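Chain by chain, the residues run as shown.
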Amino acid sequence: MLKKLFKRQEVMTVEQVRALSTHADRARLEQLARQADPDVRAAALAHLGDVDFALQAFAHPNPIISEAARAILIDALLHHRMDDGKLASLTVEQRFGLLFESQPERATQWLTEQPEAVVLQLALQAARAPERHLAAAFLQDEEALQQVQRAAKGHDNGLYKIVKARLAEARAERRALEERQAQLARLQENLQRLVHSPYDPLLEGKFLHQQQQLAELEPNTDEQAIFDPIIQQVQTRIENEQAAEALAQQAADEQQNATQEALRVLADTTTMMRRQLALYLEDGRLLPDDWATSQTWLEKARQAHRAAIERLQVAPAMNADVQKTSQWVEQTLQRLHDMTARWGGMSAALASAEDDDAAALAALRALLEPLQKHQQEPGEWPESVTQVAAKLGTVAALQAEHHEAEVQAVRKVRGLLRRGRGAIRAGHLRQARGIWHSVEEALIEVPTGHDALHQEVADFLAELEQLGDWQSFAVLPKKQALIEQMQALIERSMHPKDKADAVQQLQNEWRALSRGDGGQHQTLWEQFHALADEAFAPCKEYFAEQDKLMALNASKRCELIGQLTQYAETNDWHNPDWAEVEKVLRLAGRDWRHYTPVKPQDFRTTERDYREIVERIRKQLDLEFERNKSEREQIIAAAEALREEPDLRRATEELKRLQQAWKNAGRTHRQDDRRLWLSFRSICDEVFERRNVQQNAASARMEHHVRAAEELIKRVEQAAQGDEKTVAIALQQLSEWEAEFANCAPLPKAQAPGLKAQFTQAVDALKHARQRRRQTAEIARWDALFERLAELAESEHHAWQGKEVTVNTEQRTAWTDVADLPKVAARILPRVQALHTSDAAHANAESNLHLHHRHCVLMEILVGISSPESDTALRMEIQVERLAEGMGQHNTEQAMQDALEQWLLLPGYCPPDHYQDFHERIRRAVLHYFFK
């Protein structure tokens, strides 16, 4: 026994293995396919060619064994010796790799049927680069593409380029889809607005334009179903508005016809009244009998017009014009009746007006002015009215002319009296007497009857006589005193100029006393004049010398004016030397002040010419100063705007530029130059001080930020390398870490890009680690659920066939324990409990199979993946039913949840081969929906 146990095992070579028969030595080959030697085992697998053994060895860690198994599986797929059930037992990476090498077209079709999560997994983890490239080309989700792009960067350039191009296409498709949805939303909003907005004539055109835009977007059935009710509402509204508009137009036409008829009646009534009035005016008088008759027909005309207005049912306001016309006609007839009673008619009243009868003139005006105002066409009133109006105008013009001449004469006299009283108050007797003579001449043109004016004239004459008496009495002593002062001035010793001024002052006083005396005190005047000549005699020699000096100064001034004129004309004012211009003006002012005195007539002439030429030169200098002042004020304004500038770096650079501009700016007036410089200097000092403080604080702050950022990056990197629990805790803190990193700004310019890139890479690594773990765990949960469903369906199939189903406690516990499965797994519990009932034997397999089939296609519709061509009719039928029930617009997530729960309740009372196909398709749809 022990010898058999420890007997040396026979060792075979690869050639010996290949020499074995696959039929006679099959047991031996199967034993060799399980032994440890890689080469022998690979040879046995290849020689045996069994798919089941190849499936078991495909995942072997030894590449020799796994490659041999791979070759067998590829050959089996090429020769259709491997069914889908065995292929489904492999991982998605293995399954895709085999299909890619054996049947590329089938691999492509298989990719289109996989959930987005499976395609992403293949793009990241497929064994060969071509497989990853093909999987990446079928990715749709932008986040998944970005994840693959980050993983491929620097590792797989081909994959990186494919994903980059695919990402650009996906973004373009998303933008196009978003733009189309936005256009549809805008169209829906615009159509809704047309339903509720105020009606306007352009509504129909706007509606057609919106329909045209909708047609250009080519909406699908669901989208068109949304727009159809709105379009119907707008069409209904347009039809209603057009009907209402037609009714309103018909009513308006009827009202217009009634209004036209009312206007015709109005015109006839007023024309009749005016013609009747013209008949009475032609006679020129209105006797009492005619007055009563006129009142009667006026009232009848009013009543007839009111009746017409009521019959035509137009606005009562249409009667206003007739009322006004009848009132005016009645007033005119009343005035003609009154004129007839007082003067006997218009002709007699006109004769009285020509004899200056004011009442007759006023009565004729009151009668004729309204007639002229209301005249509608020339010749409407009788010729007699026109003749009376013409004569009345002539009389009124003559009276107005006489009155105006009388008013002007009175105004002239009163104006002279005002001037005369002013001269009397000032003591100017001679001027007042001259004004009196003018008053006497003007009084000739004033007619009698102006008693107040004549009283004013008498009062003025009395004031004039009183002034003459007073001046004759008060002036004589003053003149005698002036003679004594002139006598004393002759004997006094004083400067010639002062003496001349004293003589002139006494002469002025004498002339002031002699005004208006009419030539009185002639003897005293002759005595005063002789003394003045004697006192002025010593001053004549002094004034002769002064005349020579003033003439010389005048010539010097003229010479200086000529020099300044030549300088102003020859200087280059386009490129002047402003310092030289200032010096010329300063020296010219000094010389001008030195050349004094001059004669008054020379002073006025030279002073005018000097001021003109100096002003001409100074104007050029002032313009330059103002330009420089304006430029410096602009510089100060620009600097002032930088006082509160938060960006101190920009502020200091700008201030340096402004300082250079200040140096280049020219001079200004001395009083402005110092003030402007102090203002500019204070702003510069303040900004530079702020910059220094900020730079010191910023340097310290950025050093602290660099240390904090480096420490944070280190924490994120360490968390990304931890276990699942560590990663989960880190992801909960990720938002805080991102905010903490954002608070690390600003960073030094040289270090900022590197630190930001490091932090982004660390965060991406952390998110990728958690996402991959979560997705793998979730897929495993769904795979576990579908494995239990397959086991349960197999038991249900046995029960349907009438076989005895034995479910041990461990298996039942496994089926009913759904804590680690998706929430919908609780729906299978009723099926587990129903295994031992009698329902299975009586179940309708065909009906049950049909339900599985419908749920399978429904879920493929909901997740948006294709169904086999054999299911095209069923798929169309389900889609039509959903549209009819209005479910095409419902929440897809809820619909998918409901469909999945209903399918989980369906027992597997049907043939296994059919059920397995639906089972795998539903699994693919679920994974595509939840992990796309």
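These figures come from a predicted structure and were not determined experimentally.

Draft legend 1. The arrangement of helix α11 (residues 129–137) in detail. Every buried residue belonging to α11 is among Glu-131, Arg-132, His-133, Leu-134, Ala-135 and Ala-136, and all of these are buried. Turning to α11, the residues buried within the fold contact α6 (63–78), α8 (92–102), α9 (104–113), α10 (116–125), α12 (142–152) and α13 (157–196).

Draft legend 2. Geometry of the pattern of salt bridges. Counted according to the given criterion, the structure contains 27 salt bridges. The closest approach of N and O atoms between Arg-608 and Asp-609, which form a salt bridge, is 3.7 Å. You can call Arg-608 partly exposed: its relative accessible area is 44%. Of the charged contacts in the structure, one is a salt bridge between Asp-871 and Arg-921, with a shortest N-O distance of 2.7 Å.

Draft legend 3. Representation of the packing of α8 against α11. Remark: α8 packs on α11, axes separated minimally by 10 Å, with the N-to-C direction vectors making an angle of 100 degrees. Viewed along their axes, α8 and α11 adopt a mutual orientation that is roughly perpendicular. For the pair α8 and α11, contact is made by Phe-96, Gly-97, Phe-100 and Glu-101 and by Pro-130, Glu-131, Leu-134 and Ala-135, respectively. Tallied by class, the residues present in the contact of α8 with α11 amount to five nonpolar, one polar and two charged.

Draft legend 4. Main features of the packing of helix α31 (residues 734–742) against helix α32 (residues 752–800). One can describe the packing of α31 onto α32 by two numbers: an axis separation of 12 Å at closest approach and a directional angle of 175 degrees. With respect to α32, the element α31 is oriented roughly antiparallel. Facing α31, whose interface residues are Leu-734, Trp-737, Glu-738 and Phe-741, α32 presents Leu-755, Lys-756, Phe-759, Val-763, Leu-766 and Lys-767. Across the contact of α31 with α32, the residue classes break down as seven nonpolar, no polar and three charged.

Draft legend 5. Highlighting the nonpolar core. If you look at the biggest cluster of nonpolar residues, it comprises 41 residues, and the most contacted ones within it are Leu-73, Met-82, Phe-96, Leu-98, Leu-111, Leu-122 and Leu-139. Put simply, the parts of the chain that give this core at least two residues each are α5 (51–57), α6, α8, α9, α10, α11, α12 and α13. Of all the elements, α6 adds the most residues to this core, at seven residues. Among residues more than four places away in sequence, those in contact with Leu-122 are Val-92, Glu-93, Phe-96, Trp-110, Leu-111, Arg-132 and Ala-135. Ranked by size, the runner-up nonpolar core spans 40 residues in total, among them Trp-782, Leu-849, Val-863 and Ala-925.

Draft legend 6. Local environment of unusual backbone geometry. The amide bond that connects Thr-596 to the next residue, Pro-597, takes the cis arrangement and shows omega of 0 degrees. We note that Glu-218 has phi near 50 degrees; this positive angle belongs to a residue other than glycine. One can find Glu-218 in the loop between α14 (203–217) and α15 (221–283). On the basis of relative accessibility, which here comes to 63%, the residue Glu-218 falls in the exposed class.

Reading the values: the criteria
- Residues numbered from 1 in each chain as written.
- Predicted model: local features only at pLDDT ≥ 70, side-chain atom pairs only at ≥ 80, totals over all residues.
- Heavy atoms only, no water.
- Buried < 20%, exposed > 50% of the residue type's maximum accessible area, 1.4 Å probe, protein only.
- Helix = DSSP H or I, 4+ residues; strand = E, 2+ residues; numbered from the N terminus.
- Contact = heavy atoms within 4.5 Å.
- Salt bridge = Lys/Arg side-chain N within 4 Å of Asp/Glu carboxyl O.
- Axes fitted to C-alpha atoms, helices over the stretch in contact; angles between N-to-C directions.
- Parallel < 35°, antiparallel > 145°, perpendicular 65-115°, else oblique.
- Nonpolar A, V, L, I, M, F, W, Y, C, P; charged D, E, K, R; others polar.
- Core = buried A, V, L, I, M, F, W, Y, C linked by side-chain atoms within 4.5 Å.

By themselves these figures say nothing about function.
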